[in-house]
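Architecture at a glance
Each chain, written out:
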Amino acid sequence: MDYKHITVAGSGVLGSQIAFQTAFNGFNVSVYDINDEALDRAKERLNDLKPRYQADLEATQEEVDAAYGRISFYSNLAKAVENADLIIEAIPEIVEIKTNFYKELAKVAPEKTIFATNSSTMLPSQFVEYTGRPEKFLALHFANEIWKNNTAEIMKHPGTNTEVFEEVIEFAKAIGMVALPIHKEQPGYILNSLLVPFLDAAQNLLVNGIADPETIDKTWMIATGAPNGPFAILDIVGINTPYNLSLAKAEAGDKKAAKVAEYLKTEFLDKGRLGIQNGKGFYEYPNPSYMNPDFLK
Ligand code: NAD
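This one's a predicted model, so the numbers in the text were calculated from it and none came from an experiment.

1. What to know about the site of the ligand
Taken together, 22 residues sit near the ligand, with V13, L14, D33, E93 and K98 positioned nearest. D33 places a side-chain nitrogen or oxygen 2.6 Å from an oxygen atom of the ligand. Within the backbone of I91, one N or O atom sits 3.4 Å away from an oxygen atom of the ligand. Computed on the free molecule, the ligand has an accessible area of 840 Å², of which 76% lies beneath the protein chains in the complex. The set of elements that each furnish at least two residues to the shell around the ligand consists of helix 1 (13-24), helix 5 (95-108) and strand 6 (137-142). It is helix 5 that contributes the most residues to the shell around the ligand, three residues altogether. Considered class by class, the residues forming the shell around the ligand number 11 nonpolar, eight polar and three charged.

Structure representation (structure tokens):
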């Protein structure tokens, strides 16, 4: 892997973190976004990341300033990718926006450039026909707060070249990630393939009146030694996300999911209980009962 120059397309929540993490590890980074206002917001986001790296990674002021100094900003896609060994796409999770983006990118990117999508819910094969380079396209999926939650799920589609896959795995390691190779396309990658059914099972136990949230979490914690249970995790994720997931399944005819969605709406969202983000969810914060040492007795 001799990548030197990385382009990050989309400089929102994840794009700005990917750009900073990549520059912090010594790569030259071009950030691409749709206009100057979006790039101004990106600069603010990147500057806000500096103290996070100093607090969480004990980075020095010189190191974070040097990282910022390796980043340049473009609203012209051709200029943003002219030197790119790899472009990481982190633009909105909307099929039409991504489709149009790959069509434009295919026209202007150098032949050598590898394309990687950070999409959480879409598969590379949904866009592969627009890239003009199926063998050089794959998914490279990061977690929010990338510098601490340093997983990188690297996922092939059926046409991805194996060498490209291996190179992107090396790149992920070179920017401080734990690389998690995924050999076949899988919606939800590894983490959500495990987590979503687990959280669904917990919510079904609750809405069917089998047991209360604390009892369910306690069971999981004692039996597995995990630091928290499914309802504590739902509070961390925020109730809106499981609500939206259940609603989508309900609209596709899933009756169990409809019951969960209705419950989350009336008991949580309508009552302003959104999870940790506003201090109230299945637990009350900042001192949720599951953190109390007596909780497991
Ligand atoms: P976001 O809304 O915070 O940022 C999107 C950015 O893309 C914005 O800066 C916007 O101006 C820009 N943009 C819009 N249209 C564009 C275009 N045509 N070309 C270039 N840039 C464009 O979104 P986000 O939360 O950073 O998510 C981006 C991607 O990362 C999505 O695919 C999402 O699934 C994925 N992701 C998000 C998270 C998360 O926790 N937020 C975690 C992992 C993966």
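2. Structural notes on unusual backbone geometry
Here the residue pair Y285 and P286 is connected by a cis peptide bond, since its omega of 20° sits within 30 degrees of zero. One can find P286 in the segment after helix 12 (255-267). Not every positive phi belongs to a glycine, and E58 is a case in point at roughly 55°. With respect to the helices and strands, E58 occurs in the loop between helix 2 (36-57) and helix 3 (61-69).

3. Details of the sheet that holds strand 8 (residues 178-182)
An order of 3-2-1-4-5-6-7-8 is seen for the eight strands of this open sheet, with the pairing classed as mixed. Each edge of the sheet is formed by a strand with only one pairing partner; in this case those strands are strand 3 (71-74) and strand 8. Put simply, the sheet's adjacent strands are angled 25° from each other on average, direction ignored. Pairing of strand 5 (residues 114-117) with strand 6 involves three bridges; the strand directions are parallel. When the sheet's bridge partners are listed, F115 is paired in strand 6 with F137.

4. Looking at the pairing of strand 6
Within a regular strand, side chains alternate between the sheet's two faces. Counting buried residues in strand 6 gives six out of six residues, a clear majority hidden from the surface. Here strand 6 shows no split at all, with F137, A139 and H141 on one side and L138, L140 and F142 on the other all buried. As paired strands, strand 6 and strand 7 (residues 151-155) are joined by four bridges and run antiparallel to one another. Looking at the pairing, L140 lines up with I154 of strand 7.

5. Comments concerning a negative patch on the surface
Taken together, the side chains of D36, E37, D40, E44 and D48 make up a negatively charged region of the molecular surface. Relative to the elements of secondary structure, D36 occurs in helix 2. Relative accessible area serves as the criterion here: at 48%, D36 is assigned to the partly exposed category.

6. Examining the pairing of strand 7
The buried count for strand 7 comes to four of five residues, which makes it a mostly enclosed element. As defined by bridge partners, strand 7 adjoins strand 8 across five bridges and the pair is classed as parallel. Counted as the bridge partner of T151 is V178 from strand 8. For the crossover from strand 7 across helix 7 (residues 162-174) to strand 8, the handedness is right-handed.

7. Digging into the nonpolar core
Ranked by size, the top nonpolar core spans 41 residues in total, and within it F20, L140, F142, I154 and F171 carry the most contacts. With six residues, helix 7 is the single largest residue contributor to this core. Among the nonpolar cores identified, the runner-up in size contains 23 residues, and L195, A202, V207 and F295 belong to it.

8. Looking at the environment of D65
Assignment of secondary structure puts D65 in helix 3. Here D65 falls in the partly exposed class, since its relative accessible area comes to 32%. Sequence-wise, D65 and N47 are 18 residues apart; in three dimensions their C-alpha atoms are separated by 9.0 Å. In this structure the side chain of D65 is engaged in a polar contact, spanning 3.0 Å, whose partner is the side chain of K50.

So, how was this worked out
Residues numbered from 1 in each chain as written. Predicted model: local features only at pLDDT ≥ 70, side-chain atom pairs only at ≥ 80, totals over all residues. Heavy atoms only, no water. Near = heavy atom within 4 Å. Polar contact = N/O pair within 3.5 Å; in protein donor to acceptor, adjacent residues only side chain to side chain. Areas by Shrake-Rupley, 256 points an atom, 1.4 Å probe, with all protein chains shown as cover. Helix = DSSP H or I, 4+ residues; strand = E, 2+ residues; numbered from the N terminus. Nonpolar A, V, L, I, M, F, W, Y, C, P; charged D, E, K, R; others polar. Pairing = 2+ DSSP bridges. Axes fitted to C-alpha atoms, helices over the stretch in contact; angles between N-to-C directions. Buried < 20%, exposed > 50% of the residue type's maximum accessible area, 1.4 Å probe, protein only. Patch = residues over 30% accessible without salt bridge, like charges linked within 9 Å, V, L, I, M, F, W, Y side chains within 5 Å. Salt bridge = Lys/Arg side-chain N within 4 Å of Asp/Glu carboxyl O. Lys, Arg positive; Asp, Glu negative; His and termini not counted. Charge placed at Lys NZ, Arg CZ, Asp CG, Glu CD. Right-handed = clockwise from strand over helix to strand, strands pointing away. Core = buried A, V, L, I, M, F, W, Y, C linked by side-chain atoms within 4.5 Å.

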